[in-house]
4 protein chains.
Amino acid sequence: MTHTQKAAEVPALFTLTTGPVNCYPEVLSALGKPVLYDYDPAFMALYERVMKKLGKALRAPDVPIVLQGEPVLGLEAAAHSLVAPDDKVLNLASGVYGAGYGEWLKPRAESFHEIRTSYNDAIDPKAVEAFLAQNPDTAVVAICHHDTPSGTINPIQEIGQIVQKHGALYVVDSVSAWAGVEVDIEACCIDVLVTGPNKCLGCPPALSILTVSEKAWAKMEANPTAPRASILSILDWKDAWKASEGFPFTPSVSEIYGLEAGVDRYLEEGPEAVWARHAKTAEAMRAGVKAMELDLWAAREEIASPTCTTIKLPEGVDETELRNKMKEQYGVVISSGRAETFNKLVRVGHMGPTAYPLYSILALTALGGALSEIMNKPMDIGAAVAAAEAVIRG
Amino acid sequence: MTHTQKAAEVPALFTLTTGPVNCYPEVLSALGKPVLYDYDPAFMALYERVMKKLGKALRAPDVPIVLQGEPVLGLEAAAHSLVAPDDKVLNLASGVYGAGYGEWLKPRAESFHEIRTSYNDAIDPKAVEAFLAQNPDTAVVAICHHDTPSGTINPIQEIGQIVQKHGALYVVDSVSAWAGVEVDIEACCIDVLVTGPNKCLGCPPALSILTVSEKAWAKMEANPTAPRASILSILDWKDAWKASEGFPFTPSVSEIYGLEAGVDRYLEEGPEAVWARHAKTAEAMRAGVKAMELDLWAAREEIASPTCTTIKLPEGVDETELRNKMKEQYGVVISSGRAETFNKLVRVGHMGPTAYPLYSILALTALGGALSEIMNKPMDIGAAVAAAEAVIRG
Amino acid sequence: MTHTQKAAEVPALFTLTTGPVNCYPEVLSALGKPVLYDYDPAFMALYERVMKKLGKALRAPDVPIVLQGEPVLGLEAAAHSLVAPDDKVLNLASGVYGAGYGEWLKPRAESFHEIRTSYNDAIDPKAVEAFLAQNPDTAVVAICHHDTPSGTINPIQEIGQIVQKHGALYVVDSVSAWAGVEVDIEACCIDVLVTGPNKCLGCPPALSILTVSEKAWAKMEANPTAPRASILSILDWKDAWKASEGFPFTPSVSEIYGLEAGVDRYLEEGPEAVWARHAKTAEAMRAGVKAMELDLWAAREEIASPTCTTIKLPEGVDETELRNKMKEQYGVVISSGRAETFNKLVRVGHMGPTAYPLYSILALTALGGALSEIMNKPMDIGAAVAAAEAVIRG
Amino acid sequence: MTHTQKAAEVPALFTLTTGPVNCYPEVLSALGKPVLYDYDPAFMALYERVMKKLGKALRAPDVPIVLQGEPVLGLEAAAHSLVAPDDKVLNLASGVYGAGYGEWLKPRAESFHEIRTSYNDAIDPKAVEAFLAQNPDTAVVAICHHDTPSGTINPIQEIGQIVQKHGALYVVDSVSAWAGVEVDIEACCIDVLVTGPNKCLGCPPALSILTVSEKAWAKMEANPTAPRASILSILDWKDAWKASEGFPFTPSVSEIYGLEAGVDRYLEEGPEAVWARHAKTAEAMRAGVKAMELDLWAAREEIASPTCTTIKLPEGVDETELRNKMKEQYGVVISSGRAETFNKLVRVGHMGPTAYPLYSILALTALGGALSEIMNKPMDIGAAVAAAEAVIRG
């Protein structure tokens with residue numbers, strides 16, 4: 001029996017991944033509510049109510065859009081909807097997801113440009129400024145806020161202000177950061193924010209959340225290649241939030257119930273309090289990692305995400321063996337890297353229901369224990385936990 | 001306060017629509033299970049198990065594909081994946097959904113053809129035979145099994161055998177019939193069946209189910225315009241059911257839990273028993289409708305769907321007023337028509353948890369009562385119920 | 001295979017019994033919330049909040065008491081707690097439950113007296129007046145508000161005012177009426193009201209609800225035989241509702257969650273609205289029963305309970321055969337009689353989630369159909385449904 | 001604002017108490033299933049099935065009895081049912097619960113005797129042997145297996161064999177040990193085992209579970225003071241498990257659903273595996289406690305319960321302050337002492353869903369952190385966690 005087989009038989013006790021994460025209990029309860037007909041006026045009223053509350057949670061000027069598929073749908077839809085055949089597009093890639101987004105932008109644009117950094121670093125706003133100064137006709141700039149496979153955060157506000165100054169549209173993928181850190185849509189000058197409920201909001205994966213500025217609506221409406229009558233259409237859903245309008249197709253009713261519960265919890269707890277516990281959990285985790293003499297993946301601690309801690313794999317350690325051992329022996333499931341970061345790092349998510357500082361203790365213990373066994377060399381788990389606990393106690 | 005406003009405030013007691021329908025209790029319970037990480041080996045094993053059980057429920061030769069969006073995604077994806085730029089395509093349209101499917105086929109094909117009937121009728125296999133005899137190079141034939149906005153059933157087996165004889169690929173939309181009536185994939189020679197769990201399987205709307213024949217896989221793989229690395233890709237998901245493979249993107253974990261519960265229930269109850277109660281419910285409903293001297297929409301009773309009864313709106317009756325009154329006064333929600341059938345008929349679904357004969361009594365009482373009031377003319381509810389009950393008692 | 005065996009294998013579609021009834025969806029959702037430690041201050045605060053809301057629902061002057069067992073516990077506990085060895089006690093018995101209560105009172109009292117009526121009738125207040133005039137030293141008078149096995153209602157307000165005038169304590173069992181009909185504790189001069197959440201409040205069976213007047217507290221405290229440190233103790237729980245106090249033993253945490261959801265729903269819908277739909281459902285049911293030429297059990301329609309309709313079994317019909325046939329053929333489960341009323345009547349509950357008028361249609365159809373078959377003589381189901389529907393339409 | 005007020009507002013993240021504990025997810029899901037009528041043949045069949053599975057989980061020779069209230073009901077009922085007015089009774093008291101049981105035995109027996117030890121110790125079988133040798137007419141011997149307020153285990157097998165040899169009935173309270181440690185009913189010669197689903201089985205508190213030997217049934221049946229027609233009656237429920245019999249009163253339907261889910265999980269995981277993880281969790285916890293230089297309450301480690309670790313409060317530490325700080329700062333809720341052990345110790349439960357070794361890490365970190373702050377003296381949390389982790393890794 002291989003490690004993977006054994007890990008498949010052991011129930012996960014603690015899912016400390018970068019998403020899907022387990023949901024808040026309120027969300028799990030809400031998912032089981034009776035399913036209503038989407039054209040039942042009661043559901044239409046509920047949908048409007050949820051969208052408005054979601055707008056409040058987003059602190060968005062307008063009612064947001066929900067697309068009926070997990071955030072890759074929102075991301076792909078945004079690329080299809082915004083990029084017109086005569087557009088010059090700039091993609092900012094500091095990691096696997098940022099770079100991947102280029103694959104959707106490129107075939108739709110007239111010219112496609114990219115600023116890249118190494119995948120443990122963040123985009124330098126100066127490079128954006130320089131590009132836009134030279135390319136004032138750039139129509140769309142895209143960035144990934146938190147490039148999850150690296151666990152690093154880009155300076156979306158600084159960059160956003162530059163983008164706005166140059167008149168381009170600004171698309172931000174904040175799927176795995178929003179609701180765990182502040183995203184000030186107006187200060188960041190975001191035209192299209194794509195996020196989802198399945199990370200820091202503590203809901204299941206099945207929906208995309210988008211905010212769309214007036215400028216972005218105008219661009220989509222003018223774009224002849226923007227999808228219409230398609231799952232990829234954002235335009236179709238523009239007014240669907242209104243109780244008086246129909247839906248382009250059946251919304252995912254149960255997921256909308258879950259979304260409402262997640263948004264309610266977020267607003268009741270208070271966004272600032274939620275962000276603070278995300279930050280503290282990550283801070284405790286990083287303190288423990290360093291105390292155990294492991295290396296953070298992020299080039300600088302200030303760009304390490306509050307919603308995910310990324311740890312370099314020690315020389316010679318296989319990530320699958322490590323993660324399977326953590327699961328089998330401790331019941332802890334964490335995330336692997338992806339693509340270029342695969343087998344170079346592991347990732348511990350701090351998202352929604354797992355963004356409580358004590359979870360860092362669990363992750364550190366399981367990580368330290370499993371590494372000790374694999375490397376046949378004792379990690380200082382005691383030091384790690386003590387360092388994390390010191391952060392928690394503050 | 002308008003009728004719609006009042007109806008929005010009244011909770012629906014009985015959702016007797018053509019979908020979404022409420023779920024089986026087992027499904028509602030399953031939706032609230034803890035969300036696992038999709039790359040947790042335990043979830044990967046679960047996903048494989050569910051796909052295999054689903055294959056058993058479909059009586060499909062191969063493991064089916066689940067796409068992560070309600071069946072419109074499966075339908076759009078099938079059109080994109082199968083139709084190559086040099087294809088001649090035949091669409092069979094006996095209703096709003098069948099005709100609508102042409103909108104996805106047409107722009108992708110070299111030549112697009114359509115056989116239409118009036119929207120209360122079914123496609124004549126002889127017309128298909130005639131077309132294919134004259135157009136032996138037809139690559140794809142598409143049909144809607146149960147055109148829900150009309151409540152009518154097409155003869156998919158007879159037509160399928162003709163299509164196969166002529167060597168075309170056969171795409172069947174059985175979203176609102178499968179699991180409520182028999183769909184024999186092999187006898188019907190279906191290459192791509194598109195269905196969903198949110199109708200007769202009693203699950204929420206959020207997933208598409210597809211079966212794909214070897215011939216259909218080959219066609220997609222050879223098709224340069226078949227989506228890849230897209231929400232619309234079927235190819236991306238070909239091997240995703242295997243526990244050893246990754247997912248193209250995050251599956252809708254909670255919905256997969258619900259799907260398993262729905263499939264388990266279907267298999268435990270026994271497909272033949274499930275189909276029988278769908279048929280009996282519809283039969284009782286039709287008996288009652290006729291006894292109340294209302295007209296069925298279907299041109300002939302033998303093409304009336306076992307999963308939906310469609311009733312012509314009496315002269316002068318507004319469908320919104322009727323449905324709102326049924327909701328306010330009786331707590332019964334039924335479906336309206338769509339597009340060309342809107343305001344010409346109303347529809348009572350018999351799907352999954354509502355495909356029990358006694359629900360016909362509720363629908364008849366509410367329909368009769370509301371019509372009596374709107375038309376200011378007493379409908380014979382007693383006769384309707386007595387006729388339906390006679391069918392139930394057998 | 002016997003009827004009972006077959007009925008055991010058929011899932012109940014509609015539980016139209018006199019309790020347990022199925023719960024409101026909100027209650028079912030609440031039952032699955034994470035279980036907290038009873039001494040977790042968060043649970044203690046929750047418990048106080050629930051008790052206060054329950055008091056509001058009861059319109060009780062003081063915070064009510066919840067005992068941790070279904071209402072038989074509350075009833076037995078009240079008898080043990082109130083009746084002292086030197087008490088003269090009067091029991092008012094108009095049915096199986098009222099008479100049964102005497103079995104708990106009798107062994108604890110010095111002298112036990114009873115006023116009985118036939119089991120399809122109600123207690124005559126004049127008889128109570130006469131007894132108390134002759135027995136001014138009577139300490140406790142007990143009555144069953146709605147004697148469920150008969151489906152009849154006693155005039156608790158008229159009698160309560162007589163009891164109060166004579167200075168006795170007044171114990172009212174309103175388990176199956178409260179929350180379905182008005183119970184005005186002050187106008188009825190009730191000292192101890194015993195009820196439960198598992199009937200008209202739409203919660204599961206597992207808790208007793210009691211209101212206790214100051215006079216009743218004083219009597220219990222003075223009673224040397226009142227249970228203490230026992231599951232039967234009411235005194236132990238006097239202050240347990242306060243977040244600052246402990247519990248005598250562990251409360252049924254999940255059931256308390258369910259109770260909160262039931263109370264919230266009751267208060268949100270509005271007690272008057274809830275009572276009205278109970279009354280209307282029963283009225284429709286009775287109209288249908290009479291139209292089908294069956295006999296109500298209640299001697300006079302004005303004493304027929306709004307929460308339960310009791311129908312005399314036609315000559316020669318076996319109640320088990322009838323109920324099993326209703327279940328097997330229609331999926332409808334109703335209640336049998338109990339003890340003296342067993343096999344003389346059947347009962348259809350109108351309680352909480354089933355107290356919506358349309359349920360009467362289901363019950364009438366299933367009852368009429370099953371009787372037609374058993375008696376081999378057609379019942380006029382059409383007339384029954386038409387009569388009930390006329391009541392619904394108003 | 002007091003500590004208690006703040007703790008009331010903070011949600012518990014980890015309930016690591018000695019019960020109620022949170023439930024397994026399967027149990028939480030099961031609680032929300034539709035409530036059936038207790039006399040629905042489908043429920044009667046379900047009840048029989050659950051009781052038989054429970055018997056299998058208990059490895060009991062006969063079908064067990066479930067009483068409809070949390071285990072204090074079972075305990076009180078056993079005392080009332082077994083002890084006849086002419087009985088000589090021996091109570092074995094090594095803690096608060098064992099001693100408390102005497103309060104129910106004493107008033108019912110002719111003569112009541114007790115063997116006591118200090119509350120951090122276990123009963124010496126030799127003392128039992130000596131008593132019974134001198135008192136061969138002893139009718140009933142009662143013992144608490146795991147005296148939860150002390151966290152200590154009594155040698156129930158050794159004592160049971162002595163009791164049997166002397167012909168007395170042997171009543172064992174294993175509420176907080178069964179399903180977490182092996183209880184071999186036959187080897188321990190237990191006549192009445194009282195336990196519950198709300199500790200190591202991971203269900204909510206609301207039911208008692210009892211096994212009753214033939215000898216014990218005979219004693220109850222012969223006992224004129226054994227309760228009948230009472231919530232306290234065991235006799236009433238003797239045959240209630242049979243699908244063909246009625247219930248003495250309404251069982252707690254939802255809790256029975258939860259019980260089935262808990263039993264299913266226990267049997268699927270395998271009792272031996274469940275016991276092993278309870279033992280390992282406690283072992284890790286104790287290793288950590290000692291490494292932090294705190295004292296275990298138990299006089300000897302071999303009598304420390306595998307389901308609960310009890311830690312002496314350091315000089316000058318107030319238990320309420322400690323527990324509130326653990327909750328506020330770390331989200332961890334643990335149990336206090338009770339009565340004589342109150343404010344002398346705190347208790348960490350290892351029961352069912354929390355009997356996984358990694359929970360010891362959480363408890364140690366929170367305990368160490370809170371004590372460091374309260375005592376203003378750093379506890380060596382690192383050493384504690386390292387010691388516990390070493391046990392986990394094995």
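Residues numbered from 1 in each chain as written. Chains lettered and ligands numbered in written order. Predicted model: local features only at pLDDT ≥ 70, side-chain atom pairs only at ≥ 80, totals over all residues. Heavy atoms only, no water.

## What to know about the pairing of strand 11 (residues 308–312) of chain A
Residues and elements named next belong to chain A.
Part 1 of the argument: For strand 11, the tally of buried residues reaches four of five residues, placing the bulk of the element in the interior.
Part 2 of the argument: Where strand 11 meets strand 14 (residues 345–349), five bridges bridge the pair, whose relative direction is antiparallel. From the neighbouring strand, Lys-312 faces strand 14, where its bridge partner is Leu-345. (Buried < 20%, exposed > 50% of the residue type's maximum accessible area, 1.4 Å probe, protein only. Helix = DSSP H or I, 4+ residues; strand = E, 2+ residues; numbered from the N terminus. Pairing = 2+ DSSP bridges.)

## Digging into the relation of the copies chain C and chain B
Part 1 of the argument: Between the two copies, chain C and chain B, the superposition gives an RMSD of 0.0 Å; the rotation angle is 180° and the shift along the axis is 0.0 Å. One copy is carried onto the other by what is essentially a two-fold rotation axis. Judged by C-alpha distance, C:Gly382 is the residue of chain C that lies nearest the rotation axis, at 1.7 Å.
Part 2 of the argument: In this assembly, 100% of the residues forming the interface of chain C have copies in chain B that are likewise at the interface, indicating an isologous arrangement. (Least-squares fit on C-alpha atoms with pLDDT ≥ 70 in both. Contact = heavy atoms within 4.5 Å.)

## Regarding the UniProt feature "domain: Aminotransferase class V" (unreviewed entry) in chain A
Part 1 of the argument: Mapped onto the present numbering, the UniProt feature "domain: Aminotransferase class V" (unreviewed entry) falls at residues 113–339 of chain A.
Part 2 of the argument: Taken end to end, residues 113–339 of chain A has its terminal C-alpha atoms 21 Å apart, with 35% of it in helix and 17% in strand. (UniProt positions renumbered as here; feature names shortened; annotations may be inferred.)

## Structural notes on a negative patch on the surface
Part 1 of the argument: The grouping of A:Asp62, A:Glu182, A:Asp184, A:Glu186 and A:Glu214 at the surface amounts to a negative patch.
Part 2 of the argument: Mapped onto the fold, A:Asp62 is located in the loop between helix 3 (41–58) and strand 2 (65–67). (Patch = residues over 30% accessible without salt bridge, like charges linked within 9 Å, V, L, I, M, F, W, Y side chains within 5 Å. Areas by Shrake-Rupley, 256 points an atom, 1.4 Å probe, with all protein chains shown as cover. Salt bridge = Lys/Arg side-chain N within 4 Å of Asp/Glu carboxyl O. Lys, Arg positive; Asp, Glu negative; His and termini not counted. Charge placed at Lys NZ, Arg CZ, Asp CG, Glu CD.)

## With respect to the sheet that holds strand 2 (residues 65–67) of chain D
Residue and element names in this part refer to chain D.
Part 1 of the argument: Pairing within the open sheet is mixed, and its seven strands lie in the order 2-10-9-8-5-3-4. The open sheet has two edge strands with one neighbour each: strand 2 and strand 4 (111–116). Between one strand and the next, the sheet's axes are offset by a mean angle of 20°, whatever the strand orientation. (Axes fitted to C-alpha atoms, helices over the stretch in contact; angles between N-to-C directions.)

## As for the domain arrangement of chain A
All names here are of chain A.
Part 1 of the argument: For chain A, the assigned domains read domain 1 (3–18 + 271–393) and domain 2 (25–267).
Part 2 of the argument: Using only C-alpha atoms to locate each centre, domain 1 and domain 2 end up separated by 28 Å.
Part 3 of the argument: Each partner contributes to the interface: domain 1 provides 28 residues, whereas domain 2 provides 25 residues.
Part 4 of the argument: Of all residues in domain 1, Pro-271, Trp-275 and Ile-303 give up the largest surface area on contact with domain 2, accounting jointly for 26% of the area buried on that side.
Part 5 of the argument: Summed over the shared surface of domain 1 and domain 2, the result is two salt bridges. (Domains from an automatic or database assignment. Buried area = accessible area lost by both parts, 1.4 Å probe.)

## Some remarks on the sheet that holds strand 11 (residues 308–312) of chain D
All names here are of chain D.
Part 1 of the argument: Here three strands make up an open sheet; going across it, the order is 11-14-13 and the pairing antiparallel. Every other strand in the sheet has two partners, leaving strand 11 and strand 13 (335–336) as the edge strands with one partner each.
Part 2 of the argument: Of the strands in this sheet, strand 11 and strand 14 (345–349) touch helix 10 (residues 271–291), which is tilted by about 15° from strand 11.

## Remarks on the environment of D:Glu182
All names here are of chain D.
Part 1 of the argument: Looking at the secondary structure, you find Glu-182 in the loop between strand 8 (169–173) and strand 9 (192–195).
Part 2 of the argument: Given a relative accessible area of 47%, Glu-182 falls into the partly exposed group.
Part 3 of the argument: As for Glu-182 and Ala-42, which are separated by 140 residues in sequence, their C-alpha atoms are 33 Å apart.
Part 4 of the argument: Ignoring anything within four residues of it in the chain, the contact list for Glu-182 reads His-145 and Trp-275.

## Notes on the UniProt feature "binding site: substrate" (unreviewed entry) in chain A
Residues and elements named next belong to chain A.
Part 1 of the argument: As annotated by UniProt and renumbered to match this structure, "binding site: substrate" (unreviewed entry) occupies Arg-347.
Part 2 of the argument: Within the fold, Arg-347 resides in strand 14.
Part 3 of the argument: What makes Arg-347 buried here is its relative accessible area of 1%.

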